[in-house]
Amino acid sequence: MIEIGVLGAGTMGSGIAQVAAQAGHVVHLVDVNESAVHIAKRNLEAVLSKLVEKGKISIDEQNATIDRIKYSSDMLSFQNCGLVIEVIIEKIEVKHKVFEQLEGVVAKDCILASNTSSLSIASIGSVLEKSDRIIGIHFFNPAPLMPLVEIIPSVQTSNETLEIAKNLIASWKKTVCICKDTPGFIVNRVARPFYGEALRIYEEGIADFATIDWAMTSIGGFKMGPFTLMDYIGNDVNYAVTESVFSAFYYDPRFKPSFTQKRHSEAGFYGRKSGRGYYNYAEGVEFPKPNEDKIIGQEIFERIIVMLINEAFDALFLNVASREDIDLAMMKGVNYPKGLLQWADELGLDWVLSKLENLFEEYGEDRYRPNPLLKRKVKNLKLV
Ligand SMILES: NC(=O)c1ccc[n+]([C@@H]2O[C@H](COP(=O)([O-])OP(=O)(O)OC[C@H]3O[C@@H](n4cnc5c(N)ncnc54)[C@H](O)[C@@H]3O)[C@@H](O)[C@H]2O)c1
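Just so we're clear, the structure is a prediction, and the values are computed from it rather than from any experiment. Throughout this description, residue numbers start from 1 for each chain and increase along the sequence as written. Since the coordinates come from a predicted model, pLDDT governs what is reported: local features require at least 70, and pairs of side-chain atoms require 80 or more to be given and counted, while whole-chain, interface and lining totals use all residues.

Trainee: Just checking my understanding: could you explain the pairing of strand E8 (residues 175-178) for this structure?
Mentor: Pairing between strands requires that DSSP locate at least two bridges from one strand to the other. Strands here mean DSSP runs of E at least two residues long; helices mean DSSP runs of H or I at least four residues long; both are numbered from the N terminus. Pairing of strand E7 (residues 148-152) with E8 involves four bridges; the strand directions are parallel. The residue of E8 that forms the bridge with Leu148 is Thr175. Viewed with both strands pointing away, a crossover whose connecting path from the first strand over the helix to the second turns clockwise is right-handed. A crossover links E7 with its parallel partner E8, the connecting element being helix H6 (residues 159-171), and its sense is right-handed.

Trainee: Would you mind showing me how to read the environment of His25 here?
Mentor: Within the secondary structure, His25 is located in the loop between helix H1 (11-22) and strand E2 (27-30). For the exposure call, what matters is how many other C-beta atoms sit within 10 Å of a residue's own: 20 or more marks it buried, 12 or fewer exposed, and in between partly exposed, using C-beta atoms placed from the backbone. Judged by the 22 C-beta atoms lying within 10 Å of it, His25 is buried. For the pair His25 and Gly82, spaced 57 residues apart in sequence, the C-alpha to C-alpha distance is 11 Å. When neighbours within four sequence positions are excluded, His25 is seen to be in contact with Met1, Ile2, Glu3, Ile4, Ala20 and Arg68. Think of it this way: build a C-beta for each residue from its backbone, and any pair within 7 Å is a contact.

Trainee: Even after reading the chapter, I still don't get unusual backbone geometry, so can you show me in this structure?
Mentor: Trans peptide bonds make up most of the peptide bonds, and negative phi angles are found at most residues other than glycine. With omega at -5 degrees, the peptide bond leading from Asn141 into Pro142 counts as cis. Here Pro142 shows up in the loop between strand E6 (134-139) and E7. Positive phi, close to 50 degrees, is recorded for Phe185, a residue that is not glycine. Residue position: Phe185 is located in the loop between E8 and helix H7 (187-190).

Trainee: Explanation requested: the sheet that holds strand E4 (residues 81-86) in the structure shown.
Mentor: The strands making up a sheet associate through hydrogen bonds between their backbones, and the pairing can be parallel or antiparallel. Across the sheet, eight strands lie side by side as E3-E2-E1-E4-E5-E6-E7-E8; this open sheet has mixed pairing. Two strands in the sheet have a free side with no partner beyond their single neighbour: strand E3 (69-72) and E8. In this sheet, adjacent strand axes meet at a mean angle of 25 degrees when their direction is disregarded. Where strand E1 (residues 3-7) meets E2, four bridges bridge the pair, whose relative direction is parallel. Counted as the bridge partner of Ile4 is Val27 from E2. To get an axis, a line is fitted to the C-alpha atoms, and for a helix only the part in contact is used. The angle between two axes follows their N-to-C directions and goes from 0 to 180 degrees. Against the sheet, helix H4 (residues 92-105) contacts E1, E4 and strand E5 (111-114), and its axis sits at roughly 170 degrees relative to E4.

Purely geometric numbers; function is a separate question.
Next up, the structure:
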């Protein structure tokens, strides 16, 4: 079994180290910051003890996993690794520097991966001499619990690198989806309207946060409404992803960020972690009650779901991923109750299209333009 290197012992790095070690690999967890290494060690050991308490793993498994994780602040530990996953700060200039250093340390056939959420894999790989070994391996937070991993080959990635990475991550009992090196990959691109359209509906005064959340959970069947979810993710983090996707798409209006979210983030209303977001999480404060008007609820759900479906069609249209992977990614990466393309079939493609056409006509805004693939499919269906 190959040894795995994980560079960056923060939230994601320690989670990924846990997954690889539980799958039986010797893992070298490295961070420049020694205190981050100590904190990661303490947290990982606590998490493994909890798993024993809950009866999820045996004491032997706990001890073996602990033994397999080696902690260090020196990249030289990666010398014998077959794969190193970089999980450091999301800044391209820092990643460039680190990948140059990594190549000086690792073996010739070691695969070099990045867990980046928003940066281009091609750009990260551009600093490597042997750039066909670069690949994106994108885990979701928390890595040990979320089943999805997006694998992103870039223009430089060899088929061999892709095959090894795909098989390895699948052997860690993860659901693997392959996706093109495009902004937001699958999930962070296709999910944008879940937040963006909900914010827009609120800004237009159609409904408040609680009502929009109620519509999406009780009518749509989503586990969390958009505002509860944004508060959970953190408005600062979610806003930063939206902004980065918007600029990466050359300011396509479909991805335009919202002032409401920007102001919440600026005010420090990050959500659960700061005690206040769209909702107030202080002890004793009651959550606002939704207006459970079925007609308004249905209208909210329909508007958000057709926007999500349109985005899923766009990803399919531009070959970002296969139809199966686009649906799987949304179910396994963000817990959607159904894949969006399957959902579209159930709702009826002509119904989805007419709903989008109505929005496009009413607003005259590019964000509502129906995807050409959706239009083509409806035309074909009508010909049958
Ligand atoms: N947090 C998430 O929900 C999430 C989800 C998926 C992907 N990601 C991506 O994972 C990466 C890390 O995110 P995170 O949330 O774990 O960050 P984090 O801030 O929790 O951890 C980053 C760690 O990297 C270390 N570090 C910084 N520069 C370094 C260097 N030059 N060498 C070695 N270590 C260095 C820091 O000391 C820190 O411990 C980012 O690329 C992020 O986009 C994050």
